[in-house]
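The residues making up each chain are set out below.
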Amino acid sequence: MFQRTTRSLAALGAAFAIGAAATPAHAASDPLLDEQWGLTEQATGAPTAWTQSHGAGVLVAVLDSGIQLNHPELANNLWRNPGETPGNGVDDDRNGYVDDVHGAHVKQLNGNVEDDNGHGTHVAGIIAAQAGNGAGGSGIAPGAKIMSVKVLDANRAGDSSQLAKGIRYAVDQGARILNVSINGDGTSPDLDQALTYAGQKGATIVASAGNNNRDIDLAPSYPASSAEPAVLTVTATQPAGSLLGIANRGLRSVDLAAPGGQILSTARGSGYELREGTSMAAPFVSGSLALLASARPDLGQPALRAAIVQTAPKPRLLAGLLEDGALNVAAALRAVLPGDMWQARAAAIDSDVAAAEARLKVSAKSRIRAGRSATVRWRATGADSVVRWRVSLNGKRIKTLPGTKTLLRKRVSKPGTHRWKVVGLDAKGKAVVSAARKFKVLRKR
Ligand SMILES: [Ca+2]
Ligand SMILES: [Ca+2]
Ligand SMILES: [Ca+2]
């Protein structure tokens, strides 16, 4: 029987609405980021790492209690099974799971991966809560995709056979980073075999060390204490850098430490909450592996794991408690990205981020009478570099306006369908955002 590995603390803040009434200048920021100490330079090197990678193109499986699929911070970052047609009651891709669109419920053999506990939603947000959407905080790999593999029930209980099935599912669907914030005192042949299978497929199982305040070299916890080299075991630190009081240790069994005390992440009910435990630490490492894999897709997991553990600083506070050190994802990225690659990626990601964050909404009355004024309005978010707006009607430029303007009126007399287009240009004349809107002109009465 597997036990829960975290303790829930008080819930912080109420639910928030995505993009709610933020001013354009600040629309791209994540207001709770300031309270996420695990994402500071000092804690993990995340801000420097983000100059290189957001984890785009990398899939991370979360084997847990499920995920709140419509959480505004997670909904856009969910994996989608390309072979499965949703909601038709058919196992379209014949993998043994009906309608497994975002992942699988290993016991029900379907895609019912909603979180009925809250643990999995918190873990998922630490990995890949959406960044730059003007709401909530951020995951450490906000560009990564999350697969929800439900192996725990509403009481956060499960067993090693369900975990083994979940590991095989995640690997077979293409995940090479598997977050397992689950601990049990025993293992079983099927779990051992699933871990070996994952390792053979080039996957990493990032396992929480467990929260029994014990040495798991002496009193093992599984899968954390597994001898399978693909298992990367993570214990938890608190903001001061020392080991979290409840966290397990082990010079042989525990590879890394990562933030695990007072961790603010996504909560069931579309908000955020604080939790603590090694369950919160493992996903920082899973997300970090995603950042590395996105930056160097040509390197396999064993090389990326080696980079993470070999570059981990060894603070005195953790001496004798674990094998390697404390996660620093910026240091790991430097180890896999030679200087010229680092420079090139930093430049590329700047423009990526600008493109990803800038949005333009164009609105216009859908019908007007011929001869009346047609009005087009626009509202940009995250497009701070726009200095001019170029407005076209039916493909013909009609006016260029300063960046402070948000509307234009023009008399239109010809009946039929017309199309506004608004393009935001930066100081060099490069298009930053653009959007279009159709409207109809009706004949004069
Ligand atoms: Ca299926
Ligand atoms: Ca289906
Ligand atoms: Ca966010």
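For the structure, see preceding data.
Computed from a predicted model, the values in this text were never measured in an experiment.

Okay, the overall build of the chain next. If you tally the helices and strands in the chain, you get nine helices and 21 strands. Radius of gyration (C-alpha) of the chain: 24 Å, near the 22 Å computed for a compact globule of 445 residues. With the C-alpha coordinates of the chain rotated into their principal frame, the extents come out at 85 × 50 × 40 Å. Evaluated residue by residue, the chain yields a buried proportion of 49% over its 445 residues. Taking contacts inside the chain between residues at least 6 apart in sequence as the whole, the part at least 24 apart equals 72%.

The terminal C-alpha atoms of helix H6 (residues 278-295) lie 26 Å apart, and with 18 residues this matches the ideal 26 Å at 1.5 Å per residue to within 8%. Counting buried residues in H6 gives 17 out of 18 residues, a clear majority hidden from the surface.

Moving on, we get to the sheet that holds strand E6 (residues 177-180). If you trace the eight strands from one edge of the open sheet to the other, you get E4-E5-E3-E6-E8-E9-E10-E13, paired in parallel fashion. Lying at the two open borders of the sheet, with one neighbouring strand each, are strand E4 (103-105) and strand E13 (325-326).

With twelve residues, helix H5 (residues 189-200) extends 16 Å from end C-alpha to end C-alpha; this agrees with the ideal 16 Å at 1.5 Å per step. Among the structural elements, helix H4 (160-172), E6, strand E8 (204-208) and strand E9 (231-237) are those in contact with the buried residues of H5. At the C-terminal side of H5, Gly202 shows a positive phi close to 80°.

Now for the sheet that holds strand E18 (residues 396-402). Strand order in the open sheet formed by five strands is E15-E21-E20-E17-E18, and the pairing between neighbours is mixed. Of all strands in the sheet, those with a lone pairing partner are strand E15 (367-369) and E18, marking the two edges. The average undirected angle you get between the axes of adjacent strands in this sheet is 30°. Direction of pairing for strand E17 (residues 388-393) relative to E18: antiparallel, over a ladder of six bridges.

The next subject is the nonpolar core. Core analysis: the biggest nonpolar cluster contains 96 residues, and Ile146, Leu178 and Ile205 have the highest contact counts within it. For this core, the element with the highest residue contribution is H6, accounting for eleven residues. Those residues in contact with Leu178, other than ones at most four positions away along the chain, are Ala61, Leu63, Ile167, Ala170, Ala198, Ala203, Thr204, Ile205 and Val206. Formed by 14 residues, the second largest nonpolar core is a distinct cluster that contains Val376, Trp378, Ala380 and Val422.

What follows is about unusual backbone geometry. A cis amide bond links Tyr222 to the next residue, Pro223, at an omega of 5°. Within the fold, Pro223 resides in the loop between E8 and E9. Phi is positive for Arg156, close to 60°, though the residue is something other than glycine. For Arg156, the position within the fold is in the loop between strand E5 (145-150) and H4. Of the residues examined, Arg156 has 21 C-beta atoms within 10 Å and is grouped as buried. Even without being a glycine, Ser270 presents a positive backbone phi close to 75°. Mapped onto the elements, Ser270 comes out in the loop between strand E11 (263-267) and strand E12 (271-276).

Next up on the list: the packing of H6 against helix H7 (residues 301-310). Direction vectors running N to C along H6 and H7 enclose 120°, while the axes themselves pass 10 Å from each other. For the element pair H6 / H7, the angle class is oblique. Crossing geometry of H6 relative to H7 is assigned as right-handed. Between H6, through Ser288, Leu289, Leu292 and Ala293, and H7, the contact on the second element is made entirely by Leu304, Ala307 and Ile308.

Cut-off values and rules
- Residues numbered from 1 in each chain as written.
- Chains lettered and ligands numbered in written order.
- Predicted model: local features only at pLDDT ≥ 70, side-chain atom pairs only at ≥ 80, totals over all residues.
- Helix = DSSP H or I, 4+ residues; strand = E, 2+ residues; numbered from the N terminus.
- Rg over C-alpha atoms; globule rule 2.2 N^0.38 Å.
- Buried ≥ 20, exposed ≤ 12 C-beta atoms within 10 Å, placed from the backbone.
- Contact = placed C-beta atoms within 7 Å.
- Expected span 1.5 Å × (residues − 1).
- Pairing = 2+ DSSP bridges.
- Axes fitted to C-alpha atoms, helices over the stretch in contact; angles between N-to-C directions.
- Core = buried A, V, L, I, M, F, W, Y, C linked by C-beta atoms within 7 Å.
- Parallel < 35°, antiparallel > 145°, perpendicular 65-115°, else oblique.
- Left-handed = near helix turned anticlockwise from the far one by under 90°.

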